[in-house]
Amino acid sequence: MADLFDAFASTGTVLAEHGSPVIELVGARKTYRTGSIEFEALRGIDLRIEQGEYVAIMGPSGSGKSTLMNIIGCLDTLTEGDYRLAGDDIAELDEIDLAQIRNLRIGFVFQQFHLLPALSAWRNVELPLMYRQVPVGERRARAAAALERVGLGDRVANRPGELSGGQQQRVAVARALVGEPDLLLADEPTGNLDSQSTADVLGLLDELHQQGRTIVLITHELEVAQHARRIVWVRDGLIQSDEVIDR
Ligand code: ADP
Ligand code: MG
């Protein structure tokens, strides 16, 4: 973690000046290699997502949804094909640049929350701003405001273990939005939640979409996907259909 911190200090903000987070995948392929066994999880995906869109990616378990999210989120790179994020060719970037892109441009929400158990909600939400070296006072204030926004203003001092699943996921949403990223990626964000917490989290995503954020939501539940404006169906590593939802 310290290395990453130092790396930010030395590279400055080379990527901070770019515009909209248009996602553009062309002929995207991802092959996993385990020993001598190869598995092609993405087999040629063409996908373009414009700024401000709210897109759900659907498909059965094992169809490649999380692989696609990892690629879009710059957590992993393609084996073949191109990925451009806001015009940047991701293949040309090193680990440091990718970490910086993730920190500045992308907010992540995962099914398992991925909060740090030893830290309070407040501290968890502050983390993305620490990596950006935002001064402590501003950091605290923004984290508190983000927690307030997700309805947890009275829980800032609690650790994840002292919160319900729904509250933990709202902390994760606060962490994802505290840095004001253009792009929000959510992989099965309601997969571990009861129906009230699911409604809360989906309501927050709806709000963020209305405020102009680009959202990519991965789910295998149609009811969840129907909050989006467009549904991309993935099957066996390929896009099966891509439909705009009428309302
Ligand atoms: P989904 O999110 O749609 O359930 P994933 O993208 O997680 O699907 O996985 C797609 C396929 O790739 C699955 O068959 C899975 O077993 C395989 N896979 C995913 N991650 C790895 C990995 N790190 N190594 C090898 N195979 C993997
Ligand atoms: Mg998955």
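Since the model is a prediction, treat every value here as computed from it, not as a measurement. (Residues numbered from 1 in each chain as written. Chains lettered and ligands numbered in written order. Predicted model: local features only at pLDDT ≥ 70, side-chain atom pairs only at ≥ 80, totals over all residues. Heavy atoms only, no water.)

S.K.: Where do I start with the packing of helix α4 (residues 121–131) against helix α5 (residues 136–149) in this structure?
M.R.: To describe two helices that pack against each other, one gives the angle between their axes and the distance between the axes. Running from N to C, α4 and α5 cross one another at 125°; their axes reach a closest spacing of 9 Å. Looking at the two axes, α4 sits oblique to α5. As α4 packs across α5, the resulting crossing turns out to be right-handed. The segment α4 lies against α5, with A121, W122, R123, V125, E126, L129 and M130 engaging R139, R140, R142, A143, A144, A146 and L147. (Axes fitted to C-alpha atoms, helices over the stretch in contact; angles between N-to-C directions. Helix = DSSP H or I, 4+ residues; strand = E, 2+ residues; numbered from the N terminus. Parallel < 35°, antiparallel > 145°, perpendicular 65-115°, else oblique. Left-handed = near helix turned anticlockwise from the far one by under 90°. Contact = heavy atoms within 4.5 Å.)

S.K.: So what exactly am I meant to see when it comes to the site of ligand 1 here?
M.R.: If you check the shell around ligand 1, you find Y32, T34, F39, A41, P60, S61, G62, S63, G64, K65, S66 and T67 and nothing else. The separation between an oxygen atom of ligand 1 and a polar main-chain atom of S63 is 3.2 Å. In the environment of ligand 1, an oxygen atom lies 3.1 Å from a nitrogen or oxygen atom belonging to the backbone of G64. Notes on ligand 1: free accessible area 560 Å², of which the protein chains cover 61%. Broken down by secondary-structure element, the contributors of at least two residues to the shell around ligand 1 are β1 (23–34), β2 (37–49) and α2 (65–72). The dominant element in the shell around ligand 1, judged by the number of residues it contributes, is α2, at 3 residues. (Near = heavy atom within 4 Å. Polar contact = N/O pair within 3.5 Å; in protein donor to acceptor, adjacent residues only side chain to side chain. Areas by Shrake-Rupley, 256 points an atom, 1.4 Å probe, with all protein chains shown as cover.)

S.K.: When you look at the sheet that holds strand β10 (residues 238–244) in this model, what are you seeing that I'm missing?
M.R.: Either a parallel or an antiparallel arrangement is found when strands of a sheet pair, and the pairing is made through backbone hydrogen bonds. Strand order in the open sheet formed by 6 strands is β6-β7-β8-β3-β9-β10, with mixed pairing between adjacent strands. The open sheet has two free edges, formed respectively by β6 (106–110) and β10, since each of these has just one partner strand. Between one strand axis and the next, the sheet turns by 15° as a mean value, whatever way the strands run. The strands touched by helix α3 (residues 95–105) within the sheet are β6 and β7 (183–187), with β6 carrying the most contacts at an inclination of about 85°. (Pairing = 2+ DSSP bridges.)

S.K.: What is the right way to read the pattern of salt bridges from this model?
M.R.: Where charged atoms from two side chains of opposite charge approach closely, those side chains can pair. Enumeration over the complete set of coordinates arrives at 14 salt bridges. Residues E24 and R48 are paired through a salt bridge, measuring 3.0 Å at the closest nitrogen-oxygen approach. Highlighted residues: E24 in strand β1 and R48 in strand β2, separated in sequence by 24 residues. On the basis of relative accessible area, E24 is assigned to the partly exposed category, the value being 29%. Residue E38 pairs with R33 through a salt bridge whose shortest N-O separation is 2.7 Å. Taking relative accessible area as the criterion, R33 reaches 53% and is therefore assigned exposed. Linked through salt bridges whose partners overlap, the residues forming this network are R123, E126, R139 and R140. (Salt bridge = Lys/Arg side-chain N within 4 Å of Asp/Glu carboxyl O. Buried < 20%, exposed > 50% of the residue type's maximum accessible area, 1.4 Å probe, protein only.)

S.K.: Explanation requested: the sheet that holds strand β4 (residues 80–85) in the structure shown.
M.R.: Strand order in the open sheet formed by 4 strands is β2-β1-β4-β5, with antiparallel pairing between adjacent strands. Both edges of this open sheet fall to β2 and β5 (88–89), since each of them pairs with a single strand only. Sheet topology note: the β1/β4 ladder contains 5 bridges and is antiparallel. Paired with E24 across the bridge in β4 is R84. Relative to β1, α2 is tilted by about 120°, and along the sheet it contacts β1, β2 and β4.

S.K.: How should the confidence of the model for the chain be read in this particular structure?
M.R.: Detail in the predicted coordinates should be disregarded across regions flagged by low pLDDT. Per-residue confidence for the chain gives a mean pLDDT of 91; residues scoring 70 or more make up 91%. Taken together, the stretch residues 1–19 has pLDDT below 50 and engages in 28 contacts with residues farther than four places along the chain or on a different chain. (pLDDT = per-residue confidence, 0-100.)

S.K.: Explain the packing of α4 against helix α6 (residues 165–177) here, please?
M.R.: At a minimum axis distance of 7 Å, the contact between α4 and α6 shows a crossing angle of 30°. Of the possible angle classes, the one that applies to α4 and α6 is roughly parallel. You can see that α4 and α6 cross each other, and the crossing is right-handed. On α6, the residues touching A121, N124, V125 and P128 of α4 are V171, A174 and R175. Its residues placed into classes, the contact of α4 with α6 shows 5 nonpolar, 1 polar and 1 charged. (Nonpolar A, V, L, I, M, F, W, Y, C, P; charged D, E, K, R; others polar.)

S.K.: Can you walk me through helix α7 (residues 195–210) in this structure?
M.R.: Side chains of residues three or four places apart in an α-helix project in the same direction, reflecting 3.6 residues per turn. In this model α7 runs 22 Å from its N-terminal to its C-terminal C-alpha over 16 residues, within 8% of the 22 Å that 1.5 Å per residue would give. For α7, the complete set of buried residues consists of S197, T198, V201, L202, L204, L205, L208 and H209. The arc enclosing the buried residues of α7, seen along the axis, measures out at 150°, which places them on a common side. Every exposed residue of α7 that faces more than 90 degrees away from the buried side is listed here: S195, Q196 and Q210. Packed against the buried residues of α7 are β3 (54–58), α5, α6, β7, β8 (214–219) and α8 (222–225). (Expected span 1.5 Å × (residues − 1). Arc of directions from axis to C-beta.)

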